[in-house]
Amino acid sequence: MANDKGLIVNFGEMLIDFVPTVSGVSLAKLAPANVAIAVSRLGGNASFVGKLGDDEFGHMLAGILKENNVSGEGIMFDQGARTALAFVTLRADGEREFMFYRNPSADMSPKSSTWS
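These numbers come from a predicted model, not from an experiment.

Some details on the sheet that holds strand β5 (residues 85–90)
At step 1: Strand order in the open sheet made by the 3 strands is β2-β5-β6, with mixed pairing throughout. The outermost strands of the open sheet, each flanked by one partner alone, are β2 (16–18) and β6 (96–101). Looking at each pair of strands side by side, their axes are set apart by 25° on average, direction ignored.
At step 2: Sheet topology note: the β2/β5 ladder contains 3 bridges and is parallel. Paired with F18 across the strands is F87, a residue of β5.

Focus on the nonpolar core
At step 1: Grouped together as the largest cluster of nonpolar side chains are 16 residues, with contacts concentrated most on M14, F48, L52, L65, V70 and I75.
At step 2: A per-element tally of this core places helix α1 (residues 33–41) first, with 4 residues.

Here we look at the environment of F100
At step 1: Here F100 shows up in strand β6.
At step 2: For the pair formed by F100 and A86, sequence separation is 14 residues and the distance between their alpha carbons is 4.3 Å.
At step 3: Setting aside residues up to four positions removed in sequence, F100 forms contacts with L15, L85 and A86.

Section: the side chain of N68
At step 1: For N68, the location among the structural elements is in the loop between α2 (56–67) and β4 (71–78).
At step 2: Those residues in contact with N68 that lie beyond four places of it in its chain are I37, S40 and R41.

Quick word on the pattern of salt bridges
At step 1: Applying the stated criterion across every chain, the model contains 1 salt bridge.
At step 2: Notably, a salt bridge pairs K51 with D78, separated by 3.6 Å at the nearest N-O pair. Remark: D78 occurs in strand β4 and K51 occurs in strand β3 (residues 45–53); sequence separation between them is 27 residues.
At step 3: In this structure D78 comes out as buried when scored by relative accessible area, which is 2%.

Rules and cut-offs
Residues numbered from 1 in each chain as written. Predicted model: local features only at pLDDT ≥ 70, side-chain atom pairs only at ≥ 80, totals over all residues. Heavy atoms only, no water. Pairing = 2+ DSSP bridges. Helix = DSSP H or I, 4+ residues; strand = E, 2+ residues; numbered from the N terminus. Axes fitted to C-alpha atoms, helices over the stretch in contact; angles between N-to-C directions. Core = buried A, V, L, I, M, F, W, Y, C linked by side-chain atoms within 4.5 Å. Buried < 20%, exposed > 50% of the residue type's maximum accessible area, 1.4 Å probe, protein only. Contact = heavy atoms within 4.5 Å. Salt bridge = Lys/Arg side-chain N within 4 Å of Asp/Glu carboxyl O.

Here it is, written out as structure tokens:
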């Protein structure tokens, strides 16, 4: 660690949410990794431990963590699985519904992978 602050380590999934908006543009968002980014933005030390597909989405998510000063040393990239995707639809009452694309995704694959 670069300073004497403690390190908050977040474990979990990272996935891409495709969310419809008024203009019809989808957005990529992080899931539990948002906590690590919030800790970093508040001046703390944060790290994320999880598994991503060795694909464009996985490397994009790892890059977002790096851009936000979150350590990605605990990220594993799986060449045999893809990064999880979630398609979000908005119901007429404004509530969201989620459809997950996992076939299986890297975060569900127990086999060994490559560390970042």
